[in-house]
Amino acid sequence: MPGRMDHWFPEIWCDRDMKKPIRIHDQAKKTHRQAKVLAVASGKGGVGKTNISANLAICLAQAGKRVLLLDADMSMGNLDVVLNVHSKFNISHVLSGRRQLNEIIHHGPHGIDIICGASGMESLANLTEFQQARLVDDMERLQDNADVLIVDSAAGIARSVVGFCLAADHVLIVTTPDATAMTDAYSMIKVLAANEFDGHMSLVVNMADTQAQAKKTYLQIAKVAKQFLGLTLYYAGSVLYDPNLVAAVRSRTPVITAYPRSQASEAIRMLASRLSSASPSEKQGKPFFRKVVNWFC
Ligand SMILES: Nc1ncnc2c1ncn2[C@@H]1O[C@H](COP(=O)(O)OP(=O)(O)OP(=O)(O)O)[C@@H](O)[C@H]1O
Ligand SMILES: [Mg+2]
């Protein structure tokens, strides 16, 4: 039994011969009003989180979803580079009282709303309880007006990164077939397990040379996660190494827009379609932003 029956992301894994993906639960009905939260994380840096987040966001928006994209990289968030948006303000301006939340939302391509560089979340603790509550209310209102909230995390397993992931409904862990990336991805999985993450966890293998290499990468990590942590890590899919993506980054255009028929775009579109055809989960406990604030305060 690979997991609970109420996940937002469809359970996808491969049959024994690794020939075809098996998908279940596509029929489940949407039951939750607030945007479902997908945190995109990794262990190692530079594995493709931001590109996957941004392009996923565009695909979902093209499919008619209301998407909110949060750049939760505390130091070097580069969503603005990938999407070529320029935002003067970020959450730190809200935390310091210089801006209202609605003033820092950037309206990106295809109707995506973007909140850039959630830097300085630690200063949440300096807010009064009243200010914290107001911020949570404002954030929740944003979440209410979206179908999907995608959180582009920073690399590593810093406390600040883990806080966002633990609060999410689904953590999409990005790795490459590189041994160091795999080890670091496993470290992230271990930290989430140690903190009793109760959402859905899946792996996307990026920059593999072949599908076979990507699946092998997934299987190695999933096996260790099952053996030592007792958890099921789902296979969300793969995005092969694609020079078009590199060229797109260079031209500051998301690959899905610059090269819509490229291999990377097709793969990300497939990821997005699995997301949008899936049902939301009714994750227990407090709403996302409340959990984030509790974690940091
Ligand atoms: N599928 C791919 N094919 C080819 N190159 C890729 C692919 N995915 C990512 N890259 C390359 O990797 C670089 C880093 O990608 P990205 O910024 O998305 O990684 P990241 O995980 O967000 O990095 P960080 O940890 O610094 O936030 C891109 O600029 C691009 O050159
Ligand atoms: Mg990034």
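Quick note: structure is the one above.
A brief look at the structure comes next. Residue indices begin from 1 for each chain and proceed along its sequence in written order. Chain A is the first chain written and ligand 1 is the first ligand written, with later ones labelled in order. Thresholds applied to this predicted model are a pLDDT of at least 70 for local features of residues and 80 or more for the giving and counting of side-chain atom pairs; totals over whole chains, interfaces and linings are not thresholded and use all residues. Note: side-chain values were computed over all heavy atoms of the structure, leaving out hydrogens and water.

Here we look at the overall build of the protein chain
This is how the line gets drawn: Put simply, DSSP marks the helices as runs of H or I at least four residues long and the strands as runs of E at least two long, and each gets a number from the N terminus on. Throughout, exposure labels follow a simple rule: accessible area from a 1.4 Å probe, protein chains only, divided by the maximum for the residue type, with under 20% read as buried, over 50% as exposed, and the rest as partly exposed. The criterion used for residue contact is that any of the two residues' heavy atoms lie within 4.5 Å.
When you go through the protein chain residue by residue, the secondary structure sums to 11 helices and 10 strands. Within the protein chain, buried positions represent 54% of all 297 residues. Partitioning the intrachain contacts of the protein chain with sequence separation of at least 6 by distance along the chain shows that 77% fall at a separation of at least 24.

What to know about the pattern of salt bridges
Two side chains of opposite charge can pair, provided their charged atoms sit close to one another. Condition: Basic side-chain nitrogens of Lys or Arg form a salt bridge, by our definition, when they fall within 4 Å of a carboxyl oxygen of Asp or Glu.
Taken as a whole and assessed by the stated rule, the structure comprises seven salt bridges. Between Asp147 and Arg66 there is a salt bridge, with the nearest N and O atoms lying 3.0 Å from each other. Taken as a pair, Asp147 in the loop between helix H4 (129–144) and strand S7 (148–153) and Arg66 in the loop between helix H1 (49–62) and strand S4 (67–72) lie far apart in primary sequence, 81 residues in all. Through salt bridges with shared partners, one network takes in Asp137, Glu140 and Arg290.

Here we look at the site of ligand 1
Heads up, the rule is: One heavy atom suffices: a residue is near a molecule or strand as soon as one of its heavy atoms comes within 4 Å of it. Polar contacts, as counted here, are pairs of nitrogen or oxygen atoms within 3.5 Å of one another; within protein the pair requires one atom able to donate a hydrogen and one able to accept it, and residues that are adjacent in sequence qualify only if both atoms are side-chain atoms. Here, Shrake-Rupley sampling with a 1.4 Å probe gives the accessible areas, and only protein chains in the shown set may cover a residue. Using protein atoms alone on a 1 Å grid, points that fit a 1.4 Å probe yet trap it form a cavity, whereas open point sets bounded by protein on both sides within 12 Å along at least five of seven lines form a pocket; residues with an atom within 4 Å of a point count as lining. Those molecules having more than half of their atoms within 2 Å of a cavity or pocket grid point set are described as sitting in that cavity or pocket. Here the term charged refers only to Asp, Glu, Lys and Arg, the term nonpolar to Ala, Val, Leu, Ile, Met, Phe, Trp, Tyr, Cys and Pro, and the term polar to all other amino acids, Gly among them.
In the vicinity of ligand 1 lie 19 residues, with Lys49, Thr50, Asn51, Asn206 and Asp242 positioned nearest. Residue Gly46 places a main-chain N or O atom 3.0 Å away from an oxygen atom belonging to ligand 1. Between Val47 and ligand 1, the recorded distance is 3.1 Å, taken from a backbone N or O atom to an oxygen atom. In the complex, the protein chains occlude 83% of the 640 Å² of accessible area that ligand 1 would expose alone. Assessed atom by atom at 2 Å from the grid points, ligand 1 resides in the largest pocket. Of all the secondary-structure elements, those providing two or more residues to the shell around ligand 1 are H1, strand S9 (200–208), strand S10 (234–240) and helix H8 (243–250). Here the residues of the shell around ligand 1 sort into nine nonpolar, seven polar and three charged.

Considerations on the packing of aromatic side chains
The description of an aromatic ring pair uses the distance of the two centres, along with the angle that the planes make with each other. This is how it is decided: A pair of aromatic rings is counted whenever rings of Phe, Tyr or Trp (Trp by its six-membered ring) have centres within 6.5 Å, and the orientation is called stacked for planes under 30 degrees apart, edge-to-face for over 60 and tilted otherwise. By definition, being over a ring means that NZ of Lys or CZ of Arg is both within 6 Å of the ring centre and within 35 degrees of the ring normal.
One pass over the full model with this rule turns up three aromatic pairs. Centre to centre, the rings of Tyr218 and Tyr235 are 4.6 Å apart; their planes meet at 25 degrees, and the pair counts as stacked. Of this pair, Tyr218 sits in helix H7 (residues 211–229) while Tyr235 is found in strand S10, placing the two residues 17 residues apart along the sequence. Owing to a relative accessible area of 5%, Tyr235 belongs among the buried residues under this scheme. The structure contains a cluster of three or more aromatic residues connected by ring pairs, namely Phe164, Phe288 and Phe289. Lying over the aromatic face of Phe89, Arg99 brings its terminal NZ or CZ to 4.2 Å of the ring centre.

Digging into the pairing of strand S8 (residues 170–175)
To keep it simple, the criterion reads: Pairing between two strands requires that DSSP report at least two bridges joining them. Orient the strands so they point away from the viewer; a crossover is then right-handed if the path from the first strand over the helix to the second runs clockwise.
Taken across its six residues, S8 has six buried, putting it largely inside the fold. Judged from the six bridges that link them, S8 and S9 form a sheet pairing that is parallel. Within the sheet, the bridge partner assigned to Val174 lies in S9 and is Val204. Once you follow S8 into helix H6 (residues 179–194) and on to S9, the crossover reads as right-handed.

Here we look at a nonpolar patch on the surface
Heads up, the rule is: Patch membership requires more than 30% relative accessible area and the absence of a salt bridge. Residues of like charge join within 9 Å; the nonpolar side chains Val, Leu, Ile, Met, Phe, Trp and Tyr join within 5 Å.
Residues Met207, Tyr241 and Val246 make up a contiguous nonpolar surface patch of roughly 240 Å² in combined accessible area. Along the chain, Met207 turns up in strand S9.

Regarding the sheet that holds S7
To keep things clear, this is the line we draw: Helix axes are fitted only over the stretch in contact, all axes being lines through C-alpha atoms; the angle between N-to-C directions runs from 0 to 180 degrees.
Reading across the sheet, the eight strands line up as S5-S6-S4-S7-S3-S8-S9-S10 and stay open at both edges, with mixed pairing between neighbours. Edge positions in the open sheet fall to strand S5 (105–107) and S10, since each of these has one partner strand only. In this sheet, neighbouring strand axes are inclined to one another by 20 degrees on average, regardless of whether the strands run parallel or antiparallel. With six bridges joining them, S9 and S10 adopt parallel strand pairing. Pairing of Ser202 across the sheet is with Tyr234, part of S10.

Some details on the packing of helix H5 (residues 159–167) against H6
Here is the rule: Note on convention: the crossing is left-handed when the near helix lies turned anticlockwise from the far helix by less than a right angle, right-handed when the turn is clockwise.
Running from N to C, H5 and H6 point in directions that differ by 65 degrees, and their axes come no closer than 10 Å. Regarding H5 and H6, the two cross each other, and that crossing is right-handed. Residues Val161, Val162, Cys165 and Leu166 of H5 pack against Met188, Val191 and Leu192 of H6. A breakdown of the residues in the contact of H5 with H6 according to their chemical character gives seven nonpolar, no polar and no charged.

Overview of the layout of surface pockets
This is how the line gets drawn: Grid points are joined across faces, edges and corners, and a volume is the space filled by probe spheres set on the points.
Each pocket or cavity is described by its volume, and for the largest pocket that value is around 470 Å³. Lining the largest pocket are 23 residues, and of these Gly46, Val47, Gly48, Lys49 and Asn51 sit closest to its centre. The set of elements that each furnish at least two residues to the lining of the largest pocket consists of H1, S9 and H8. Per-class residue counts for the lining of the largest pocket are 11 nonpolar, nine polar and three charged.

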